[in-house]
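# Structural overview
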Amino acid sequence: MARPMSYEDFAVQYDQGSADNVYNTLLDRPAVQSKCPPLDGRRVLEAGCAGGRLTRWLVDQGARVVALDASPTLVELARGRLGESAEVRVHDLREPLAFLPDASVDVVVSSLTLHYLEDWAGPLSEFRRVLAPGGTAVLSTHHPLNDFEISPSGDYFSVEELRDEWPSFGPPTPVVRFFRRPLGRMIDDVHRAGFVLRELYEPRADPAHREQFGKRFEKLSRKPWFLVLVLGHPGDRAEDGFAHPAG
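Because the structure is a prediction, the values reported are computed rather than measured. (Residues numbered from 1 in each chain as written. Predicted model: local features only at pLDDT ≥ 70, side-chain atom pairs only at ≥ 80, totals over all residues. Heavy atoms only, no water.)

A few words now on the overall build of the chain. A count of helices and strands for the chain gives nine helices and 11 strands. Each principal axis of the C-alpha distribution contributes one length, and for the chain these read about 55 × 40 × 40 Å. Each of the 247 residues in the chain was classed as buried or not, and the buried ones make up 51%. Here the contacts in the chain between residues at least 6 apart in sequence split such that 67% fall between residues at least 24 apart. (Helix = DSSP H or I, 4+ residues; strand = E, 2+ residues; numbered from the N terminus. Buried < 20%, exposed > 50% of the residue type's maximum accessible area, 1.4 Å probe, protein only. Contact = heavy atoms within 4.5 Å.)

Core analysis: the biggest nonpolar cluster contains 26 residues, and Leu45, Leu97, Val108, Leu124, Phe127, Leu139 and Phe195 have the highest contact counts within it. Those elements giving two or more residues to this core turn out to be strand S1 (43-47), strand S2 (64-69), strand S4 (105-110), helix H5 (121-130), strand S5 (131-142), helix H7 (183-192) and strand S9 (226-232). Those residues in contact with Leu139 that lie beyond four places of it in its chain are Val108, Ser110, Leu114, Leu124, Phe127, Leu227, Val228, Leu229 and Leu231. Val44, Cys49, Val88 and Val228 belong to the second largest nonpolar core, which has 22 residues in total. (Core = buried A, V, L, I, M, F, W, Y, C linked by side-chain atoms within 4.5 Å.)

Volume-wise, the largest pocket comes out at about 840 Å³. Tyr7, Asp69, Ala70, Thr113 and Tyr116 are, among the 38 residues lining the largest pocket, the residues nearest its centre. Going through the elements one at a time, helix H1 (11-18), helix H2 (22-35), helix H3 (53-60), S2 and strand S7 (175-180) are the ones with two or more residues in the lining of the largest pocket. Across the lining of the largest pocket, the residue classes break down as 16 nonpolar, 10 polar and 12 charged. Reported here for the second largest pocket is a volume of approximately 450 Å³. Lining of the second largest pocket is provided by 25 residues; of these, Tyr23, His142, Asp164, Trp166 and Trp225 occupy positions nearest its centre. Per-class residue counts for the lining of the second largest pocket are 12 nonpolar, six polar and seven charged. (1 Å grid on protein atoms, 1.4 Å probe; cavity = no way out; pocket = protein on both sides within 12 Å on 5 of 7 lines; lining within 4 Å. Points joined across faces, edges and corners; volume = space filled by probe spheres on them. Nonpolar A, V, L, I, M, F, W, Y, C, P; charged D, E, K, R; others polar.)

With six of six residues buried, S4 is to be regarded as a mostly interior element. By the bridge criterion, three bridges tie S1 to S4 in an arrangement that is parallel. Paired with Leu45 across the two strands is Val108, which belongs to S4. In this sheet, S5 lies alongside S4 in parallel orientation, the contact comprising five bridges. When the sheet's bridge partners are listed, Val109 is paired in S5 with Val138. (Pairing = 2+ DSSP bridges.)

Where strands meet in a sheet, backbone hydrogen bonds hold them as pairs that are either parallel or antiparallel. What the seven strands build is an open sheet, ordered S3-S2-S1-S4-S5-S9-S8; its pairing is mixed. The open sheet is flanked by strand S3 (87-90) and strand S8 (196-201), the only strands paired with a single partner. Within the sheet, the average angular offset between the axes of one strand and its neighbour, ignoring direction, is 15 degrees. By the bridge criterion, five bridges tie S1 to S2 in an arrangement that is parallel. (Axes fitted to C-alpha atoms, helices over the stretch in contact; angles between N-to-C directions.)

What follows is the structure in structure tokens.
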């Protein structure tokens, strides 16, 4: 297998491919969008914005968005797509969100980003720190069952590096590096960061879009590909699609 690539290595190729790739457009993004609370007037942190396609939707919902990505090229593409409608900055989630005060955002959204991080403790703790009471975090990642199929160790309970070819973004077919972890470890990391898990959602292919999914429909309607975690602060109670501090 070829050398693994960072998103900076194939940023333009990824941005173009994610515009119509069914994994992004018909599976992950609709799942994340469906779990977001009402966004009009809300302060939103998007952690891992890529070229800003989901960011555009957040802005269109009326959110005030700060969007981050580790790839300078993807950040420039996002800025070009969004103009002055969102603040977009280069940031590695392995570093603290020092530019954001405590309790300064109402919603954290992170689409298909956390699996690039070997350690979730720091990023999740920072998400909780910047999330205001009553706020919601919506995080999507690779499904552990799917990733286990390419585990080099065969040890489901380990956290390990994986390398995979993504032909749907080629040619040339990128080889991408990310990390696999068991479901229990994900939930432990969520709780250790001080969050509560409100919902665990496993999206599947919608029969209404069978034609758009094409040959991938049967696979993506029977096999879990992604996982969405909906998180909040302990003690929050949900009302009218948004949580509020209990009291």
